[in-house]
Structure formats: structure tokens, C-alpha cells
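Here is what each chain is made of, one letter per residue.
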Amino acid sequence: MTAGMYRTPLVPGPTTVPPEVLAAFAQNYPSGDLEPEYCTLYAETQARLQTIFGTGNRIALMSGEAMVGLWGALKSCVRPGDRVLAVAGGLFGHGFAEMARAIGADVRLVESDWDDVPDVAAVEQAAAEFRPHLVTMVHGETPSGTIMPVGEVGAALRRQGAPLFLVDAVATAGGTPVETDAWGIDLLLVGSQKALSAPPDMAIVAISERAFEAAEAIGYQGYDALSPWRTALARGFFPYTPNWHGTAALHAAAGRLLDEGLERVYRRHADVAAHCRERGRALGLEVYPRRDAIAAPTVTAFKVPPALGWEALRRELRARGVGAGGNYGPLAGKVFRLGHMGTQADRAVVDAALATLAEILRVPVG
Ligand SMILES: *Cc1c(COP(=O)(O)O)cnc(C)c1O
């Protein structure tokens with residue numbers, strides 16, 4: 001596979017990495033983990049990401065996929081027997097419930113159908129009854145193309161004893177507002193390869209002091225442990241060889257977003273998403289989320305036309321150089337996605353994909 005495999009790349013991550021981010025990645029950097037230049041780069045990258053995520057919390061820049069951050073946050077802050085409330089309206093929401101169970105937690109679910117989002121009042125009631133130690137939630141459910149009411153749930157949780165609040169914003173941060181501190185998020189999980197459009201090698205976790213205290217009380221140790229990140233930057237001592245390349249790429253990627261201006265970035269995503277839904281509907285496609293108000297601004301999920309089927313649709317799209325996302329679990333074969341996050345939140349790219357879809361569906365382009 002080569003970088004140019006898709007002429008029209010709309011896979012919902014990894015997204016196309018822009019040249020200046022690739023250039024920052026593809027350099028030789030001084031070796032050693034005690035280089036003061038790395039600490040400067042780290043501090044600047046952290047400051048940029050703090051601005052994007054709306055937080056004053058420390059940020060761990062871990063080597064690995066976003067999953068490293070998801071597991072590390074859970075293993076660091078949950079011990080066997082702890083009550084965990086999983087707010088789940090899709091694949092990743094249920095994934096957190098399974099992961100917490102694997103750690104031995106006592107898990108309760110607040111669910112919704114996957115084309116919908118969980119009800120905030122139901123979450124508040126469950127928090128009041130169950131008194132969880134930690135609540136998990138997914139901001140953007142990439143497989144179903146929905147966006148969840150994280151800010152409202154955060155406010156409800158603060159009314160109900162303020163359990164630790166863990167939020168997966170892997171598919172949203174950098175493409176739509178994430179207000180970590182205002183929403184009361186203790187553990188914000190982000191990956192480098194979705195809306196930030198950096199290579200897929202970094203897990204980003206913004207960690208509140210409360211979460212660090214919980215982690216220190218538990219004392220989990222491992223490659224993915226969060227505790228070392230409390231003092232890593234101040235001591236200039238990292239838990240493993242710093243990923244200078246990945247950090248430099250994130251520094252450049254975050255810089256691009258701030259240069260464009262966050263409001264413009266978010267408007268670009270919202271505009272492209274609305275356009276994608278509108279044009280898709282004009283081709284006779286059905287948007288999967290029940291209401292546009294809960295449709296994600298970073299990825300659009302359409303139902304696969306049953307007469308065509310996903311295998312044929314994928315084959316036709318690939319033959320024409322269009323990269324789209326299939327699906328998993330109960331949505332496999334039924335729902336497909338156009339990922340328009342980061343560099344792919346581009347009307348021309350989405351229009352090219354929709355023109356190809358029109359050709360495949362044999363609908364005249366309007
Ligand atoms: C992509 C994604 C992940 C996992 O990211 P990896 O980099 O593949 O580990 C987690 N959560 C959501 C919502 C995602 O979209």
C-alpha cells in the first residue's frame with residue numbers, strides 16, 4: 001500500500017497527514033530522553049493541546065495507538081470491585097464496559113440504540129443510585145456517526161457526587177469543541193491520527209489532579225500507567241524513550257489548527273458534515289443517526305443500500321479510488337462511513353466521494 005492508494009481518502013482514521021506534519025515527523029532528532037530540547041518541545045505541544053482541549057490539566061503524550069491511553073486510564077484509575085458506570089450508545093461505549101469488566105470492576109450500563117444517544121436524565125438517575133467511582137463515555141461514536149452530550153452528562157455527574165469522568169474524544173477532539181475543564185472531564189482520551197491528522201503513533205491523555213490522586217492510590221504499574229506522567233515533564237524523566245518524532249508531528253498538527261483558528265476549524269467540520277448528509281440524501285442514501293442534531297461533525301454514517309450490499313459497494317468505491325469505512329459488530333455490512341475529520345474535512349474531497357457514489361448508485365449528480 002502506498003500513501004496515494006486512495007485518490008479520495010475518506011477513511012475515518014487514520015486521516016491524511018499534511019506535508020508539514022509529515023516533515024516534522026520525518027527528521028532525525030537528538031537521541032537520549034534527557035535532552036532539554038525534548039522537554040521544551042513537550043511543553044509547547046502540551047500548551048497547544050491544552051488550548052485545543054480547553055484544559056489546564058497535564059497531558060500525557062504516550063507512544064502507541066489511542067487504545068494505549070484507553071487501557072492505561074482504566075487500569076490506572078479502576079481496581080477490582082470499583083463501580084463503573086458505562087454510558088454506551090455504540091461500539092466504543094460498550095467496549096469500555098467490557099474493558100472495565102476485564103479489570104474486575106462492577107459495571108452498570110446506561111444504554112441507547114446505536115442510532116441514538118443515551119438520555120442524560122437516565123445517566124443522572126443511574127449515577128444517583130449506583131454511586132460509581134468512575135463514569136465512561138464516548139464523545140464521538142465513530143462506527144455509528146453520532147456525537148454524545150458529554151457536557152450535559154458532566155454537569156449531571158457533578159450534581160451526583162462527581163465521580164471520575166473518563167471521556168473518549170478520539171474521533172472528535174480537534175474537529176469539534178471539547179471543553180475538558182468546563183465539562184468536568186478527569187480523563188480525556190485522544191489519538192493522533194483522527195481529527196489532528198498526525199501519524200497513528202501517539203495516545204494523548206489529559207489528566208486532572210483528582211485522577212492522578214486516584215491513580216497514585218491504586219499504584220498500577222505498567223507501560224501504559226498514567227502516574228509517571230504527573231512529574232515526567234518537571235523532572236525531565238519519561239517512563240520510556242520519548243517519541244520525539246510523534247511529539248514533533250503533534251506539535252506541528254496542533255499548530256496548524258491554532259493557525260487556522262479553532263472556530264474556523266470547527267465551522268469547517270460542521271459545514272462539511274451538513275453538506276455530506278444533504279448530498280448523500282439527495283442520492284437516496286439514508287443517514288444512520290436518527291436526528292441531525294446527534295450526527296457527528298467528523299464522520300457521516302449512511303445505511304448501505306440493501307440492493308447493493310457493502311461488499312459490492314466497497315469494491316466499486318475502491319476501484320474508483322475512494323476510501324470509505326465499513327463497520328463492526330451489529331453494524332457490519334449495514335452501515336458505512338465517510339470520515340471527514342482533520343485534513344479530510346474538505347468540501348472538495350467530500351464532493352468527489354459523493355460524485356463517485358452517484359456513479360455507483362447510478363443517480364445523476366444534482
Ligand atoms: C479510532 C478510535 C479509537 C481507537 O483508536 P486507535 O488509534 O485505533 O487505538 C478509540 N475510540 C474512538 C471513538 C475511535 O474513533
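Residues numbered from 1 in each chain as written. Predicted model: local features only at pLDDT ≥ 70, side-chain atom pairs only at ≥ 80, totals over all residues. Heavy atoms only, no water.

Trainee: Residue-level account of the nonpolar core, with values.
Mentor: If you look at the biggest cluster of nonpolar residues, it comprises 90 residues, and the most contacted ones within it are Phe 53, Leu 134, Phe 165, Leu 187, Leu 188, Ile 204 and Trp 229. Looking at this core element by element, the count peaks at 8 residues for helix 9 (residues 244–260). Counting contributing residues per domain, this core is built from domain 1 (3–15 + 262–361) and domain 2 (19–259), each supplying no fewer than three. Those residues in contact with Leu 187 that sit more than four places away from it in its chain are Ala 73, Cys 77, Leu 134, Phe 165, Leu 166, Val 167, Val 205, Ala 206, Ile 207, Ala 211 and Leu 226. Within the second largest apolar cluster, 22 residues are counted, among which are Cys 276, Leu 285, Val 322 and Leu 357. (Core = buried A, V, L, I, M, F, W, Y, C linked by side-chain atoms within 4.5 Å. Buried < 20%, exposed > 50% of the residue type's maximum accessible area, 1.4 Å probe, protein only. Helix = DSSP H or I, 4+ residues; strand = E, 2+ residues; numbered from the N terminus. Domains from an automatic or database assignment. Contact = heavy atoms within 4.5 Å.)

Trainee: Lay out empty space enclosed by the protein with the relevant residues and their values.
Mentor: Under the defined criterion, the tally for this structure stands at 1 cavity of 30 Å³ or more. Along its surface, the largest cavity is lined by Tyr 38, Leu 61, Met 62, Ser 63, Trp 229, Phe 238, Tyr 240, Thr 241, Pro 242 and Asn 243. Top contributing element to the lining of the largest cavity by residue count: strand 2 (residues 58–63), with 3 residues. Considering only residue class, the lining of the largest cavity consists of 7 nonpolar, 3 polar and no charged. (1 Å grid on protein atoms, 1.4 Å probe; cavity = no way out; pocket = protein on both sides within 12 Å on 5 of 7 lines; lining within 4 Å. Points joined across faces, edges and corners; volume = space filled by probe spheres on them. Nonpolar A, V, L, I, M, F, W, Y, C, P; charged D, E, K, R; others polar.)

Trainee: Quick one: what's the story with the packing of aromatic side chains, residue by residue and with numbers?
Mentor: Under the definition given, this model contains 11 aromatic pairs. Both rings, one in Tyr 38 and one in Tyr 42, keep their centres 6.0 Å apart while their planes meet at 70°; by these two values the pair is edge-to-face. With a gap of 4 residues between them, Tyr 38 and Tyr 42 both fall in helix 2 (residues 36–53), about one helical turn apart. Residue class for Tyr 38 comes out buried when judged on its relative accessible area of 1%. (Phe/Tyr/Trp six-rings, centres within 6.5 Å; stacked < 30°, edge-to-face > 60°.)

Trainee: Describe the pattern of salt bridges, naming the residues involved and giving the relevant values.
Mentor: This model, assessed by the stated rule, comprises 21 salt bridges. The closest approach of N and O atoms between Arg 230 and Glu 209, which form a salt bridge, is 2.7 Å. One end of the pair, Arg 230, is in the loop between helix 7 (209–218) and helix 8 (232–235); the other, Glu 209, is in helix 7, with 21 residues separating them in the sequence. Judged by relative accessible area, which is 17%, Arg 230 ranks as buried. (Salt bridge = Lys/Arg side-chain N within 4 Å of Asp/Glu carboxyl O.)

Trainee: Which residues make up the sheet that holds strand 4 (residues 106–111), and what are the values?
Mentor: With respect to topology, 7 strands assemble into an open sheet ordered 2-10-9-8-5-3-4, the strand pairing being mixed. Whereas interior strands pair on both sides, the edge strands pair on one side only; in this sheet they are strand 2 and strand 4. Going across the sheet, the axis of each strand differs from the next one's by a mean of 20°, ignoring polarity. Pairing analysis gives 3 bridges linking strand 3 (residues 83–88) to strand 5 (residues 134–138), with the strands arranged parallel. Within the sheet, the bridge partner assigned to Leu 85 lies in strand 5 and is Val 135. Here helix 2 sits on the sheet in contact with strand 2, strand 9 (187–191) and strand 10 (202–207), set at roughly 115° to strand 2. Helix-sheet contacts for helix 9 involve strand 2 and strand 10, and the interaxial angle to strand 10 is about 65°. (Pairing = 2+ DSSP bridges. Axes fitted to C-alpha atoms, helices over the stretch in contact; angles between N-to-C directions.)

Trainee: An account of the pairing of strand 11 (residues 299–303) is requested, with residue identities and associated values reported.
Mentor: The element strand 11 is largely enclosed, with a buried count of 4 among its 5 residues. Summarising the sheet, strand 11 and strand 13 (residues 335–339) pair through 5 bridges and their orientation is antiparallel. Looking at the pairing, Val 299 lines up with Gly 339 of strand 13.

Trainee: For the domain arrangement of the protein chain, give the residues involved together with the corresponding values.
Mentor: For the protein chain, the assigned domains read domain 1 (3–15 + 262–361) and domain 2 (19–259). The interface of domain 1 with domain 2 comprises 29 residues on the first partner and 28 residues on the second. When the buried area of domain 1 at its contact with domain 2 is split by residue, Leu 262, Tyr 266 and Arg 290 rank highest and sum to 24% of it. Taken together, the connections running from domain 1 to domain 2 amount to 4 salt bridges. Counting the contacts that link domain 1 with domain 2 gives 14 residue pairs in polar contact (both at pLDDT 80 or more). Among the elements of the structure, helix 10 (262–282), strand 11 and strand 13 are those that each provide at least two residues to the side of domain 1 that touches domain 2. With 4 residues, the top contributor of residues to the side of domain 1 that touches domain 2 is helix 10. Counted by class, the side of domain 1 that touches domain 2 contains 19 nonpolar, 7 polar and 3 charged residues. (Buried area = accessible area lost by both parts, 1.4 Å probe. Polar contact = N/O pair within 3.5 Å; in protein donor to acceptor, adjacent residues only side chain to side chain.)

Trainee: Break down the site of the ligand for me, with residues and values.
Mentor: All residues in the neighbourhood of the ligand are listed as Glu 65, Ala 66, Met 67, Phe 92, Gly 140, Thr 142, Asp 168, Val 170, Ala 171, Gln 193 and Lys 194. Gln 193 has a polar side-chain atom sitting 2.5 Å from an oxygen atom of the ligand. Within the side chain of Lys 194, an N or O atom sits 2.7 Å from an oxygen atom of the ligand. Burial of the ligand by the surrounding chains reaches 88%, relative to a free accessible area of 380 Å². Residues belonging to the shell around the ligand are distributed by class as follows: 5 nonpolar, 3 polar and 3 charged. (Near = heavy atom within 4 Å. Areas by Shrake-Rupley, 256 points an atom, 1.4 Å probe, with all protein chains shown as cover.)

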